[in-house]
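# Structural description and commentary
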Amino acid sequence: VLNYFTLATEDQIIELYQQHYGEPISQVRKRGRLTLTYQQEKQSIRMVISQQNYKRQVDVIVEQAKK
């Protein structure tokens, strides 16, 4: 799990992760939080972006992919 705050826009954050992981396999917005899911070889990567005052909180959760 990685958690950080940034002044980057939501679009800038998404673009950064797409450069590394490609297009997300799912994208869901609930209660103001955007959750993107990526699949990389044997790992599932879930990224949650939420607004926190004037910054964005980014949570990145990496799990072993289910077989």
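Use the structure listed above.
Residues numbered from 1 in each chain as written. Predicted model: local features only at pLDDT ≥ 70, side-chain atom pairs only at ≥ 80, totals over all residues. Heavy atoms only, no water.

## A short note on the sheet that holds strand S5 (residues 55-64)
Here we have 5 strands laid out as an open sheet, ordered S1-S5-S4-S3-S2, and antiparallel in their pairing. The two strands at the open ends of the sheet, each matched to only one other strand, are strand S1 (2-6) and strand S2 (26-30). On average, adjacent strands in this sheet sit at an angle of 20 degrees to one another, irrespective of strand direction. In terms of strand pairing, strand S3 (residues 33-40) meets strand S4 (residues 43-52) through 7 bridges, oriented antiparallel. Paired with glutamine 39 across the two strands is serine 44, which belongs to S4. Strand contacts of helix H1 (residues 10-21): S1, S2, S3, S4 and S5, with the helix running at about 10 degrees to S3, the strand carrying the most contacts. (Pairing = 2+ DSSP bridges. Helix = DSSP H or I, 4+ residues; strand = E, 2+ residues; numbered from the N terminus. Axes fitted to C-alpha atoms, helices over the stretch in contact; angles between N-to-C directions. Contact = heavy atoms within 4.5 Å.)

## Side note on the packing of aromatic side chains
Throughout the structure, instances matching the rule amount to 2 aromatic pairs. Ring centres 6.1 Å apart and planes at 20 degrees place the aromatic pair tyrosine 17 and tyrosine 21 in the stacked group. Here tyrosine 17 and its partner tyrosine 21 are both found in helix H1, 4 residues apart, which amounts to about one turn of the helix. When its relative accessible area of 11% is taken as the criterion, tyrosine 17 is described as buried. Measuring from centroid to centroid gives 5.6 Å for tyrosine 21 and tyrosine 38, while their planes differ by 45 degrees, and the two rings are tilted. Taken together, the residues span a long stretch of sequence, with tyrosine 21 in helix H1 and tyrosine 38 in strand S3 at a distance of 17 residues. The class of tyrosine 38 is buried, set by a relative accessible area of 1%. (Phe/Tyr/Trp six-rings, centres within 6.5 Å; stacked < 30°, edge-to-face > 60°. Buried < 20%, exposed > 50% of the residue type's maximum accessible area, 1.4 Å probe, protein only.)

## Regarding the pattern of salt bridges
Within the structure shown, the criterion is met by 2 salt bridges. The partner of arginine 29 in a salt bridge is glutamate 10, with the nearest N and O atoms 2.7 Å apart. Taken together, the positions of arginine 29 in strand S2 and glutamate 10 in helix H1 put the pair 19 residues apart, joining distant regions of the chain. Using a relative accessible area of 22% as the deciding quantity, one classes glutamate 10 as partly exposed. Between arginine 46 and glutamate 63 there is a salt bridge, with its nearest N and O atoms 3.9 Å apart. Residue arginine 46 is found in strand S4, and its partner glutamate 63 is found in strand S5; the two are separated by 17 residues along the sequence. Residue glutamate 63 is classed as partly exposed on the basis of its relative accessible area of 39%. (Salt bridge = Lys/Arg side-chain N within 4 Å of Asp/Glu carboxyl O.)

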